[in-house]
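Chain by chain, the residues run as shown.
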Amino acid sequence: MTENYTALYEQHKIAGASFTDFGGWQMPLKYSSELAEHHAVRNAAGLFDLSHMGEVWVTGPDAAAFLDYALAGKLSAVAVGKAKYSLICQEDGGIIDDLISYRRSEEKYLVVPNAGNAKVVAAALAERAAGFDVTVEDVSAETSLIAVQGPNAEAILLTLVPAEQHSLVTGLKYYAAVEVGITVNGAVQDLLLARTGYTGEDGFEVYVPNGDAAGLWEALLEAGAGHGLIPAGLACRDSLRLEAGMPLYGNELSREGNPYAAGLGPVVSLAKESDFIGKAALAELKALGAGATSGRKLVGLKGLGRRAGRSHYPVLKDGNVVGEVTSGQPSPTLGYPIAMAYVDVEHSEPGTALDIDLRGKPEPFEVVALPFYKRQK
């Protein structure tokens, strides 16, 4: 597999990062302690390099109608300045990727797929664009993405934004984006600022040209020095998103699964007037109910002991396999093991007692509603 390096690779090396391959990219796994980085995001702020994610611009008079056809959600209903979480599906309803789309104007959207799926999604969008008056432009290779996540994220960002634009930051709602001036290398640059996040905390993402990424990274680190900001890697990003009950493509989501079994039925807009790829299959799956293809649905599992389950570990009921863990580890915030798993529908109700097979030894867990953790507003 070809290894890709973000524009911030040297900054990560200088900071002492340990690296891992993720979606074909060499990414920082952690800098010192993944536990310290996790707690920093929950209690102060963490700085993430997300430049492995994709960025695809969809522009033209048919942009809204095209995305209504290409994706499972109703993107035409998204107001300018807002964003929507959606899915791009196969004809059979299988999930190619989950992604976020930002509507920047009436005829312009930014679609952000996951790292390992970026090229696949860009190619699928280009193929599906036939017959629509749109342009699909993949700018992933020249775009960096930096995120500040945590309760102090807003205060940190405001130190780099001109005072007359502070209201643009403080007034930015969840799942929205705005262009603001951010000071990089001593000069104010207009950059796209989003407020979405994948950690369960408040936070922002900044889209920046590769050439300016290192300057922005250093500026944010300096601005956050008095606010508890530290660089954070993929290890704590995974524990944070798991606590927040957010699915990860390749773990909870795949081409073999479907939105209803994954608890993402509300993301699918069967009611929109236009046809879309996968609509017929998804309508049939919805009629059959969650777990229609496998008899299983995604649930949260809370550990009643101290040992954690991991991905692919069997889930048991009275010694019989009734499911499989997709993600699991000890929760640093909550102090007990947590997991997400696909389990047989008849064992999916909250309160159901189940076990996870930990290398031949059953460990008690209980089905609970997701998310495991929800921040205080």
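About the thresholds
- Residues numbered from 1 in each chain as written.
- Predicted model: local features only at pLDDT ≥ 70, side-chain atom pairs only at ≥ 80, totals over all residues.
- Heavy atoms only, no water.
- Salt bridge = Lys/Arg side-chain N within 4 Å of Asp/Glu carboxyl O.
- Helix = DSSP H or I, 4+ residues; strand = E, 2+ residues; numbered from the N terminus.
- Buried < 20%, exposed > 50% of the residue type's maximum accessible area, 1.4 Å probe, protein only.
- UniProt positions renumbered as here; feature names shortened; annotations may be inferred.
- Contact = heavy atoms within 4.5 Å.
- Pairing = 2+ DSSP bridges.
- Axes fitted to C-alpha atoms, helices over the stretch in contact; angles between N-to-C directions.
- Phe/Tyr/Trp six-rings, centres within 6.5 Å; stacked < 30°, edge-to-face > 60°.
- Lys NZ or Arg CZ within 6 Å of the ring centre and 35° of its normal.
- Core = buried A, V, L, I, M, F, W, Y, C linked by side-chain atoms within 4.5 Å.

A few words on the pattern of salt bridges. A side chain of one charge can pair with a side chain of the opposite charge when the charged atoms of the two come close. Evaluation of the coordinates by the stated rule reveals 11 salt bridges. Arg42 is the salt-bridge partner of Glu243, the closest N and O atoms lying 2.8 Å from each other. Note that Glu243 is positioned in helix H8 (residues 234-243) and Arg42 in helix H2 (residues 34-43), a separation of 201 residues in sequence. Here the two residues Glu243 and Arg42 agree in accessibility, since each one is buried. The salt bridge partner of Asp238 is Arg241, with a shortest N-O separation of 2.9 Å. Of this pair, Asp238 and Arg241 both sit in helix H8, three residues apart, which is roughly one turn of the helix. By relative accessible area, which is 25% here, Asp238 ends up partly exposed. Owing to a relative accessible area of 1%, Arg241 belongs among the buried residues under this scheme. Residues joined in a network through salt bridges with shared partners are Arg42, Glu201 and Glu243.

In this numbering, the UniProt entry assigns the feature "domain: GCVT N-terminal" (unreviewed entry) to residues 8-272. Taken end to end, residues 8-272 is 26% helix and 30% strand, and its first and last C-alpha atoms sit 41 Å apart.

By the secondary structure assignment, Ile182 is in strand E11 (residues 177-184). Relative accessible area serves as the criterion here: at 0%, Ile182 is assigned to the buried category. In this structure the C-alpha to C-alpha distance between Ile182 and Gln165, which are 17 residues apart in sequence, comes to 9.7 Å. The residues contacting Ile182, other than those within four sequence positions of it, are Leu160, Val161, Ala187, Val188, Gln189, Leu191, Val206 and Leu216.

Next up on the list: the pairing of strand E20 (residues 361-368). One face of the sheet, then the other: side chains in a regular strand alternate in exactly this way. Summarising the sheet, strand E15 (residues 296-303) and E20 pair through four bridges and their orientation is antiparallel. The residue of E20 that forms the bridge with Leu301 is Val367. As paired elements, strand E19 (residues 353-358) and E20 share six bridges and run antiparallel to each other. Counted as the bridge partner of Asp355 is Pro364 from E20.

This brings us to the UniProt feature "domain: Aminomethyltransferase C-terminal" (unreviewed entry) in the chain. UniProt annotation of "domain: Aminomethyltransferase C-terminal" (unreviewed entry) refers to residues 296-374 when read in the numbering used here. As annotated, residues 296-374 has a helix share of 0% and a strand share of 57%, and its two end C-alpha atoms lie 25 Å apart.

Two orientations exist for strands paired in a sheet by backbone hydrogen bonds: parallel and antiparallel. A sheet is described by the order of its strands in space; here six strands give the open sequence E11-E12-E13-E10-E4-E14, paired in mixed fashion. Each edge of the sheet is formed by a strand with only one pairing partner; in this case those strands are E11 and strand E14 (229-231). Across this sheet, the average inter-strand angle for adjacent strands is 30 degrees, counted without regard to direction. With seven bridges joining them, strand E10 (residues 143-149) and strand E13 (residues 203-209) adopt antiparallel strand pairing. Bridging from a neighbouring strand, Gln149 pairs with Gly203 of E13. Strands strand E4 (45-49), E10, E11, strand E12 (187-194), E13 and E14 of the sheet are contacted by helix H7 (residues 210-223), whose axis makes an angle of about 145 degrees with E13.

Attention shifts here to the packing of aromatic side chains. Evaluation of the coordinates by the stated rule reveals six aromatic pairs. Ring centres of Tyr5 and Tyr9 lie 4.7 Å apart, and the angle between their planes is 75 degrees; on these two criteria the pair is classed as edge-to-face. Residue classification places Tyr5 among the partly exposed residues on the basis of a relative accessible area of 43%. Ring centres of Tyr9 and Phe19 lie 4.8 Å apart, and the angle between their planes is 45 degrees; this geometry places the pair in the tilted category. A residue pair is termed long-range when its members are at least 10 positions apart, and Tyr9 in helix H1 (residues 9-14) and Phe19 in strand E2 (residues 18-22) qualify at 10 residues. A relative accessible area of 24% means that Phe19 is categorised as partly exposed. Three or more aromatic residues joined by ring pairs form one cluster here, namely Tyr5, Tyr9 and Phe19. In this arrangement the basic side chain of Lys302 is found over the ring face of Tyr336, its NZ or CZ atom lying 4.7 Å from the centre.

Of all eight residues in helix H3 (residues 63-70), six are buried, a share of seventy percent or more. Buried residues in H3 make contact with strand E5 (56-59), strand E6 (83-89), strand E7 (95-105), strand E8 (108-112), helix H4 (118-128) and strand E9 (135-138).

To continue, consider the nonpolar core. Judged by nonpolar contacts, the single largest core of 32 residues is most densely connected at Ile146, Val148, Val169, Ile182, Leu193, Leu216 and Leu220. Those elements giving two or more residues to this core turn out to be E4, E10, helix H5 (153-158), E11, E12, E13 and H7. At six residues, the largest contribution of residues to this core is made by H7.

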